[in-house]
Amino acid sequence: MGAPSTSSRHLLLEDRPPPSTPTVQRLPGKARPRQEVLRECEAEVAEMRGYIPRVLWDFLIPDLSRVFRWRVQLDCGCIPEVLTREDGTPPHEAQWKDHRSPLPPGQMICHHDDSPPPPYRVIAEWGERREVTFPADPVEPPDDTDPRVWSVIRHDEPHTSAFWEVTLACGHVEEAIAPSLDWVPASGPRRAAPERVQQMSAEFEDIWRVNPELQTERDREHTRRMLADGWPTPEPERLCYSCPQVRMILAYERVGWLVPRQRQPEKTASTAPSRSTLERRLRKAEAEAERLGAELDRID
């Protein structure tokens, strides 16, 4: 990767100015040696063939002879290389994956150690559902959990939870836990009794006062919003782990096919005959026609 730019690295997606349409241009630096990239891709394809059933190879394993190489410039200053199937779709129109699902077009993941923490985002859409069974929680609380909080949320027996795939307002995908196995989004969130919410609010304030480092200010504000909303379950917002690492594509450069394509032999343009040549052919044709006409007359 190229040297990252400190001017945009600390900004979340919504803090950045809207990018202009990415353009194809010559980017700083050079592409990696083609043979080096090809060896890596061949090794990855060989690994995929080891665990993917042969009947699915044509669908899941890319044909390296149809892979095209690009270099892209991101708004953090990095210039990574990417691969696409065929060369028709430029990188900013493709959908690149994050840790869970494809990102909106124009975005790519580029990790930086000093990126900001994940922000909370409102859930905009509910998607697919899955169930996961967990063993009983340990009696001792995790290192970052207050014992009083752990005593409330701990499961002392094995339990099964329903997870829903959710699309956040930023366009990225995370998961939310349903309050019960029979819950559906149309049911809406379940809320605690007002007196219970009031009690929880006092308990949280006491915990923060005793241990100010227990939660960050971001998490405290989130907790206060949930208390003000009646402690809804599931919560209407989730942490987005993609936003801090998402970068916008500013420009791109075509590198070429991963496997060079064989050149088709050029067709030599045929030279048009001269006028004298055409007149000579015409006289021969007329003489032949006259001769054939005489033959017909003799037959008649």
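An account of the accompanying structure is given in this report. (Residues numbered from 1 in each chain as written. Predicted model: local features only at pLDDT ≥ 70, side-chain atom pairs only at ≥ 80, totals over all residues. Heavy atoms only, no water.)

### Observations regarding the nonpolar core
Grouped together as the largest cluster of nonpolar side chains are 14 residues, with contacts concentrated most on V72, L74, V82, W96, M108 and I249. For this core, the elements supplying multiple residues, two or more each, are β2 (67-74) and β9 (246-257). The element best represented in this core is β2, accounting for 4 residues. Once you skip the residues sitting within four places of it in the chain, I249 turns out to touch P22, V72, Q73, L74, P91, H92, W96, G106 and M108. Of all hydrophobic cores here, the second largest spans 10 residues; its members include V45, M48, I52 and L258. (Core = buried A, V, L, I, M, F, W, Y, C linked by side-chain atoms within 4.5 Å. Buried < 20%, exposed > 50% of the residue type's maximum accessible area, 1.4 Å probe, protein only. Helix = DSSP H or I, 4+ residues; strand = E, 2+ residues; numbered from the N terminus. Contact = heavy atoms within 4.5 Å.)

### A closer look at helix α5 (residues 194-210)
With 17 residues, α5 ought to run about 24 Å at 1.5 Å a step, and its terminal C-alpha atoms sit 25 Å apart, in line with that. For α5, the full list of buried residues reads V197, M200, F204, I207 and W208. Axial view of α5: buried residues confined to an arc of 95°, hence all on one face. The exposed set on the far side of α5, more than 90 degrees from its buried face, consists of E195, Q198, R209 and V210. Of the surrounding elements, those touching the buried residues of α5 are α4 (147-153) and α6 (217-228). (Expected span 1.5 Å × (residues − 1). Arc of directions from axis to C-beta.)

### Quick look at the sheet that holds strand β5 (residues 120-134)
Here 4 strands make up an open sheet; going across it, the order is β7-β6-β5-β8 and the pairing antiparallel. The open sheet has two edge strands, β7 (173-177) and β8 (237-239), and neither has a second partner. Going across the sheet, the axis of each strand differs from the next one's by a mean of 45°, ignoring polarity. For strand β6 (residues 159-168) and β7, the ladder comprises 5 bridges, and the chain directions are antiparallel. When the bridges of β7 are listed, W164 appears paired with A176. (Pairing = 2+ DSSP bridges. Axes fitted to C-alpha atoms, helices over the stretch in contact; angles between N-to-C directions.)

### Points about the packing of aromatic side chains
Between two aromatic rings, the relevant description is the distance of the centres plus the angle of the planes. For the structure on display, the rule yields 9 aromatic pairs. For the pair W126 and W164, a centre-to-centre distance of 6.4 Å together with 80° between the ring planes defines the contact as edge-to-face. Taken together, the residues span a long stretch of sequence, with W126 in strand β5 and W164 in strand β6 at a distance of 38 residues. Residue class for W164 comes out buried when judged on its relative accessible area of 9%. Between F204 and W231 the ring centres are 5.7 Å apart and the planes differ by 35°, which places this aromatic pair in the tilted class. Residue F204 is located in helix α5, and its partner W231 is located in the loop between α6 and β8; the two are separated by 27 residues in the primary sequence. Judged by its relative accessible area of 16%, F204 falls in the buried class. Clustering of aromatic rings is evident, with ring pairs tying together F68, W70, Y252 and W257. For the cation-ring pair, R130 lies above F163, with the distance from its terminal atom to the ring centre recorded as 5.1 Å. (Phe/Tyr/Trp six-rings, centres within 6.5 Å; stacked < 30°, edge-to-face > 60°. Lys NZ or Arg CZ within 6 Å of the ring centre and 35° of its normal.)

### A few points about α6
The terminal C-alpha atoms of α6 lie 16 Å apart, and with 12 residues this matches the ideal 16 Å at 1.5 Å per residue to within 8%. Listed as buried for α6 are D219, R220, H222, T223, M226 and L227. Angular distribution of buried residues about the axis of α6 spans 160°; they occupy a single face of the element. Where α6 is buried, its residues meet β5, α5 and β8.

So far we have only geometry, and geometry alone does not tell us how the molecule works.
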